[in-house]
Amino acid sequence: MTIAATQTFPGPAWDELPNVTLLESWPPAEPLPGLDVLIEAVVAVGPDELDLLPDLQLVANYGVGYDRVDVLACRERGVAVTNTPGVLDAAVADLTLALILACRRHLVASDRFVREGRWQSGWARPELLGHDLADSTLGLVGMGRIGSQVARRAEAFGMRVVHHRRSDGLPLDELLQTSDVVSLHVPLTPETDGLISRERLALLRDGATLVNSARGAIVDERALVDELVSGRISAGLDVFADEPQVPERLLDLPNVALTPHIASATVETRAAMTRVLVDNVLAFLRGEALPNEVPA
């Protein structure tokens, strides 16, 4: 079996894989016949890329989200797809709370205030007055593993937690209208692409905060930028529609906290993700059932 990867991955488990070839570019500059396993993270794998890998049998995705992998196209060619769920929930929830705090307590603006030498006198500048988390309402769009972890943390801060999902909870529009903070925790699918539209963003109450650590395309990014430029709402954003491109109008706004898709980026979590990734590949090499096969 021949294995290739778009990059190396952190943690001791990576060294358990035999003879991994590191690809110089993605997509490959020329066809790679004889390649059985592709290990990848945040790259497109669709019909055009699969054409270059005629003997591929497994795409091992590093991460729980696999929206850039065309699972149907893989299945049609007999290619299995795996991901790494379950081990990054706590880290993503932690960053979500960090973004909530950064927005509700104006940490970005306060940091700039100090760095730019504007802290001359006084300690309660009106523009730096934030909002208590206690007794405010957090609306979770999605209530799976990560959303549930966010709820636990938010409740420890005294927040009231409500949620929306297909099976239960508040209607989405009602959640948007009544929450002080809205946090997104759904996968990117055809149904959730653009879910938070311009019309739905307008439902957010003045002074509300939107947090997105899921996928950028879940939100109409242009409409979100317009709302943020107006100053009507704030946002904590770890993901963007066209990564690594970030809308330029966001860069100098004091009401936005921006991070570069780092929700799972802790030493411990990334090593655990590599462990799951490697276990999937080793199971494939042994001809065993795949522990984390993505359903068609």
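Check the entry above for the structure.
The rules behind each value
- Residues numbered from 1 in each chain as written.
- Predicted model: local features only at pLDDT ≥ 70, side-chain atom pairs only at ≥ 80, totals over all residues.
- Heavy atoms only, no water.
- Helix = DSSP H or I, 4+ residues; strand = E, 2+ residues; numbered from the N terminus.
- Expected span 1.5 Å × (residues − 1).
- Core = buried A, V, L, I, M, F, W, Y, C linked by side-chain atoms within 4.5 Å.
- Buried < 20%, exposed > 50% of the residue type's maximum accessible area, 1.4 Å probe, protein only.
- Contact = heavy atoms within 4.5 Å.
- Pairing = 2+ DSSP bridges.
- Polar contact = N/O pair within 3.5 Å; in protein donor to acceptor, adjacent residues only side chain to side chain.
- Axes fitted to C-alpha atoms, helices over the stretch in contact; angles between N-to-C directions.

Moving on, we get to helix H5 (residues 145-156). Taking 1.5 Å of rise per residue, 12 residues should cover 16 Å, and H5 covers 17 Å from first to last C-alpha, within 8% of that figure. Gly158 sits one or two residues past H5 and shows a positive phi near 85 degrees.

Counting residues in hydrophobic clusters, the biggest one holds 41 residues, and the most contacted among them are Ile39, Leu138 and Val281. Elements supplying a minimum of two residues to this core: strand E1 (3-5), strand E3 (37-40), strand E4 (58-61), helix H3 (89-104), strand E6 (137-141), H5 and helix H9 (267-285). Considering each element in turn, this core owes the most residues, eight residues, to H3. Leave out the neighbours within four places in its chain, and Leu138 touches Ile100, Val150, Ala154, Met159, Arg160, Val161, Val162, Ser179, Val181 and Ser183. In this structure, Ala208, Ile218, Leu237 and Val256 belong to the second largest nonpolar core, which totals 27 residues.

The next point concerns the pairing of strand E8 (residues 181-184). Of the two faces of E8, both are covered, the one formed by Val181 and Ser183 as well as the one formed by Val182 and Leu184. Strand direction decides the pairing type here: E6 and E8, joined by four bridges, are parallel. Each bridged residue has a counterpart across the sheet, and for Leu138 the counterpart in E8 is Val181. Summarising the sheet, E8 and strand E9 (residues 209-212) pair through four bridges and their orientation is parallel. Looking across to E9, one finds that Val181 is bridged to Thr209.

A word on the side chain of Asn212. Here Asn212 shows up in strand E9. On the basis of relative accessibility, which here comes to 2%, the residue Asn212 falls in the buried class. At a separation of 2.9 Å, a polar atom in the side chain of Asn212 contacts the main-chain amide nitrogen of Ala214. Once residues lying within four places of it in the same chain are set aside, the contact partners of Asn212 are Leu184, Val219, Gly236, Leu237, Asp238 and Val239.

Let us now look at the sheet that holds E8. One open sheet accounts for six strands, arranged E7-E6-E8-E9-E10-E11; its pairing is parallel. The open sheet terminates on both sides in strands that have one partner only, identified here as strand E7 (160-164) and strand E11 (256-258). For this sheet, the mean inter-axis angle between neighbouring strands, taken without regard to orientation, is 15 degrees. Strand direction decides the pairing type here: strand E10 (residues 234-237) and E11, joined by three bridges, are parallel. Residue pairing in the sheet places Leu237 in a bridge with Leu258 of E11.

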